[in-house]
Amino acid sequence: MIDSDALLSTARAAVAEGVALLTTADAGAVRSKGDRDFVTELDLRIQSAMQQYLHAATPWIGFLGEEANTTPTSADTEYVWILDPIDGTSNFIHGLPLCAVSLALVQSGAPLIGVVDAPFLGLEYRAAVGAGAFCNGESITTSAARNISDAIVSIGDYAVGPKAATENLRRFAITEALAASVERVRMFGSAALDLVWVAEGRTDGTVIMSNKPWDMAAGVLIAREAGAVVTDSDGSRHTAHARHTIAAAPGLSEELTRLVSAAWNSSLTGR
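This write-up is about the structure you can find in this document. (Residues numbered from 1 in each chain as written. Predicted model: local features only at pLDDT ≥ 70, side-chain atom pairs only at ≥ 80, totals over all residues. Heavy atoms only, no water.)

### Quick look at the overall build of the protein
Reasoning step 1: For the protein, the helix and strand inventory stands at 7 helices and 14 strands.
Reasoning step 2: Scaling as 2.2 N^0.38, a compact globule of 271 residues should have a C-alpha radius of gyration of about 18 Å, and the protein matches this with 18 Å.
Reasoning step 3: Overall, the C-alpha framework of the protein stretches about 55 × 40 × 35 Å when taken along its three principal axes.
Reasoning step 4: When the 271 residues of the protein are sorted by exposure, 52% land in the buried category. (Helix = DSSP H or I, 4+ residues; strand = E, 2+ residues; numbered from the N terminus. Rg over C-alpha atoms; globule rule 2.2 N^0.38 Å. Buried < 20%, exposed > 50% of the residue type's maximum accessible area, 1.4 Å probe, protein only.)

As structure tokens, this is what we get:
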């Protein structure tokens, strides 16, 4: 049996290493990873430093990072650290404070520990399975919102890349449906912040039409431990194999998922 408290301490210490670089080092050269998708030298430096720290502390745990290596480095991959060194790189490049270091420990794809630190906002979120969620050491819970018309809902970034035009038609349909139904729609540009702000009750829901492990693993756990319902767009429980990521306060989950599903399906049929 793993020692969750010790591993959470290891995760927080590793994230602190990344945050120290994020807040003091220059971004360095910026290069393109694809259509309107960028990585900085600092992304790579943070990932390298954190990977070395985690390997020294937990050599029996694999590692998966968004940058440089996107397959686990350990042959025994039941347990894997999953890292996004700068979630919200475009925000960071443009001097926007909405970015974070996001680290999770997963077991066979299911998150056990999550840490998200947004240093330019002074916010550190953490959670371990069955132990609740915390921001800056204080317990957090989702909002008590029950009416979709009273809800602040954030959405994930619009698509880029070769299929962006088709994918964005679907996202536009969802945005239109949300705009007609919720109090306000927001786009923060960081999936980790989308999820932890649902956890904290700053927002009431988030709709992210993707499910990349480095974007979601830590935030999904923190949201769940705070009481959020996290599903795929068809309403099934969110897993590492889900297509999309929807998190919401319990009183809004069914209605939000139903709204998103209807908009998504109508965009596929053209109705």
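### Overview of the sheet that holds strand E10 (residues 152-155)
Reasoning step 1: Ordered in space as E11-E10-E12-E14-E13, the 5 strands form an open sheet in which the pairing is mixed. With one partner strand each, in any of the chains shown, strand E11 (184-186) and strand E13 (229-231) form the two edges of the open sheet. Between one strand axis and the next, the sheet turns through 15° on average, direction left out of account.
Reasoning step 2: With 3 bridges joining them, E10 and E11 adopt parallel strand pairing. When the sheet's bridge partners are listed, isoleucine 152 is paired in E11 with arginine 184.
Reasoning step 3: Packing against the sheet, helix H6 (residues 213-225) makes contact with strand E12 (205-208), E13 and strand E14 (245-248), and its axis sits at approximately 140° to E13. (Pairing = 2+ DSSP bridges. Axes fitted to C-alpha atoms, helices over the stretch in contact; angles between N-to-C directions. Contact = heavy atoms within 4.5 Å.)

### Quick look at the pairing of E14
Reasoning step 1: The two faces of E14 match: Thr245 and Ala247 on one face and Ile246 and Ala248 on the other face are all buried.
Reasoning step 2: Pairing geometry for E12 and E14, over 4 bridges, is antiparallel. Of the residues in E14, the one forming a bridge with threonine 206 is alanine 247.
Reasoning step 3: Pairing between E13 and E14: 3 bridges, direction antiparallel.

### A few points about the packing of helix H5 (residues 191-200) against H6
Reasoning step 1: Across the interface, H5 lies against H6 with an axial gap of 8 Å and an inter-helix angle of 5°. Classified by the angle between their axes, H5 and H6 sit roughly parallel to one another. For the pair H5 and H6, contact is made by Ala191, Ala192, Leu195, Val196 and Ala199 and by Asp215, Met216, Gly219, Val220, Ile222 and Ala223, respectively.
Reasoning step 2: When its residues are assigned to classes, the contact of H5 with H6 shows 9 nonpolar, 1 polar and 1 charged. (Parallel < 35°, antiparallel > 145°, perpendicular 65-115°, else oblique. Nonpolar A, V, L, I, M, F, W, Y, C, P; charged D, E, K, R; others polar.)

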